[in-house]
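This is what each chain is made of:
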Amino acid sequence: MAAAEQRIPGARWTPFFFLLPFLFFLLLFWVIPLVGGVKMSLQANGLGQEEYVGLTHYKALANDERYFTALRNSLVYTLASVVVIVPLALWLAYLLRATFRRLRPVLTFALLLPALTPPSVLALLFLMLFHGKNGLLNQLFVMPLGIEPVNWLKDPDFILTGLVLQTVWRWTGFMTFFILAGMEGIPRVYYEAARLATGSRWQHFWHVTLPQLRPVLLFVAVYLVVDGFSLFSGAFVLLGGSGGTANAGLLTVTYVFQKTRFFEYGSASAISISLLPLMVLALWGSLFLRRRTA
Amino acid sequence: MSDCVKNRHAVLSLLLLGPFLLAVLVPFLWMALGMFKTNAEFFQPMAKAFFPANYDWQNVAELLEGRSVPFWAVFGNSLIVSLGQALGAVALSAAAGYAFARFSFSGKRVLFVLAVALILVPRQLFAVPLFSWVNALGLSDSLLGVMLPGVVSGLGVIYFTQVFRQIPGEYYQAARICGATELCVFWAVLPLAWPALLSYGMIHFILAWHEHLIPMLVLTSEAKQTLPLALAKLYDVSQRTPQGVQMAASTFAVIPTAVLFALCHRKFKSSLSEMLVH
């Protein structure tokens, strides 16, 4: 609706009047810390250190095995959560739409309860569910299948799976809610047209619903990627700020936090800054997809 | 489609949803029931002792009396920080979104991309320089130091840009014909966007309520802590807090956001439906 967008003569500064508060806080709490981070990454480790050390920290990262472990874990964790959550949420939204209309709000609310819960509480619940042999997960799903109970939080093969399960449990309902809202916004006309052209339920879904949902799905995916890279609380409570056995659950934010514990602020900032190109790539990718869908 | 087929489909869908509902609700139920349990009961295999032997409010009393953490103070701090952040973010984002939606000006594109970039750079990664900057501003160990950095929201700006784009141009013209200044036009169209204002405020409140890392760095004294910090302390094994108390605190931590969402649920969904597809 371009009608709202217009140039008003003689009022060049007006948009900036509205933008000013936002820009002020943007400068104060984003740009300055960001620049501070770059500066810090070029300085020696330690509290209040200002000695310039150039690219030392970055060079150290290139040989830091833990750094690459953290990076790899974060990538796997993030991708896995998107790949699992998006299709699952689509399916759940489809089911919610197919079920009784009256029940829909209650069911949606129940499903997204985990998203309303502080991550540390979720992690605690998960700690209990994963807890050794007696945890619900082992008792309900693993042991009945005749498999040895999994030591979810100690076995390096399963720590990352555990973290992914936690994020799936946390976000699926919330994303279902967004997709459901998107589905309800699709004009009925489309479906009526599709019905005239016949075709199965599946074809309707594939050719009508899915293309219309593209902006929603893009939003959901971007949200999950960003959240994946900023996960802290969940892993912090589950693994106590460590990376777990053999660092199998070490994520980038956890690693940054570990560095700050020992006042290695230079190294910590270098890790953060080194992730920026990745974020720029994600930004470019999402803008590109947006343009293609538009 | 006949009604019979439709009903059958609805029942089938409900059955398929069943396992997912259980997977979500059982842990929450177990958490809420946990606040009545003694430690011995709590550590029994879940299937055997899901319900407590008797409903004893002692754990709740212990929590509210503040024997482990100053619970009321912590709860209040969390409310103040989250409310302040939500109000601030709504005000800043709505004004910025209005500017992006309504005016064309030089530098608009660059600023908008910057706002998108904001979403993509997790604040947690820059926690350390942010923390030292907050210190330099003299805001260390104060609630303001947690609140203010959280009012900048890229998501909010994009959301409100979209919202104000959808308000038909006639509204703006009508307001202008009446000779209103730009600020008055903004005030005049604001009520049209109130479901969006409410929805975004709610989302931001929830995000602020969950924030852990920044408060952990900024807030040092016990009286200033927010809920996630207090919870982490309660969960800490070395504190030997009774499990029931931990469960009571966890349950109380969920209630505000759950109630808020339940209240705003409908408005939020319809405002999203209108926007997401177009």
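Residues numbered from 1 in each chain as written. Chains lettered and ligands numbered in written order. Predicted model: local features only at pLDDT ≥ 70, side-chain atom pairs only at ≥ 80, totals over all residues.

## Some points on helix H11 (residues 194-210) of chain B
All names here are of chain B.
Logical step 1: The end-to-end C-alpha distance of H11 is 24 Å, a good match for the 24 Å that 17 residues give at a rise of 1.5 Å each.
Logical step 2: Of all the 17 residues making up H11, 12 are buried; the element is thus mostly covered by neighbouring parts of the structure.
Logical step 3: For H11, the set of buried residues is Ala196, Ser199, Tyr200, Gly201, Met202, Ile203, His204, Phe205, Ile206, Ala208, Trp209 and His210. (Helix = DSSP H or I, 4+ residues; strand = E, 2+ residues; numbered from the N terminus. Expected span 1.5 Å × (residues − 1). Buried ≥ 20, exposed ≤ 12 C-beta atoms within 10 Å, placed from the backbone.)

## Some words on the interface of chain A and chain B
Logical step 1: Listed as interface residues are 73 residues of chain A and, on the opposing side, 79 residues of chain B.
Logical step 2: Of the residues forming the side of chain A that touches chain B, the biggest block, 16 residues, is contributed by helix H1 (residues 14-41) of chain A.
Logical step 3: Of the residues that constitute the side of chain A that touches chain B, the class distribution is 53 nonpolar, 17 polar and 3 charged. (Contact = placed C-beta atoms within 7 Å. Nonpolar A, V, L, I, M, F, W, Y, C, P; charged D, E, K, R; others polar.)

## Quick look at helix H5 (residues 108-120) of chain B
Logical step 1: For H5(B), built from 13 residues, the straight-helix expectation of 18 Å at 1.5 Å per residue is met to within 8% by its first-to-last C-alpha distance of 19 Å.
Logical step 2: All of the buried residues in H5(B) are Leu111(B), Ala115(B), Ile119(B) and Leu120(B).

## Some details on the confidence of the model for chain B
Residue and element names in this part refer to chain B.
Logical step 1: Averaged over all residues, the pLDDT of chain B is 83; the fraction at 70 or higher stands at 96%.
Logical step 2: Summarising per-element confidence for chain B, the mean pLDDT is lowest in helix H9 (residues 169-177) (75) and highest in helix H4 (residues 71-102) (91).
Logical step 3: Across the interfaces of the predicted complex, the ipTM metric reaches 0.83, alongside a pTM of 0.84. (pLDDT = per-residue confidence, 0-100.)

## Topic: the packing of helix H3 (residues 65-98) of chain A against helix H1 (residues 3-34) of chain B
Logical step 1: It is at 8 Å that the axes of H3(A) and H1(B) come closest, and there the two elements cross at 140 degrees. Here H1(B) runs oblique to H3(A), going by the angle between their axes. In the packing of H3(A) onto H1(B), the handedness of the crossing is left-handed. On the side of H3(A), the interface is formed by Leu92(A), Leu95(A) and Ala98(A), while H1(B) contributes His9(B), Ala10(B), Ser13(B), Leu16(B), Leu17(B) and Phe20(B). (Axes fitted to C-alpha atoms, helices over the stretch in contact; angles between N-to-C directions. Parallel < 35°, antiparallel > 145°, perpendicular 65-115°, else oblique. Left-handed = near helix turned anticlockwise from the far one by under 90°.)

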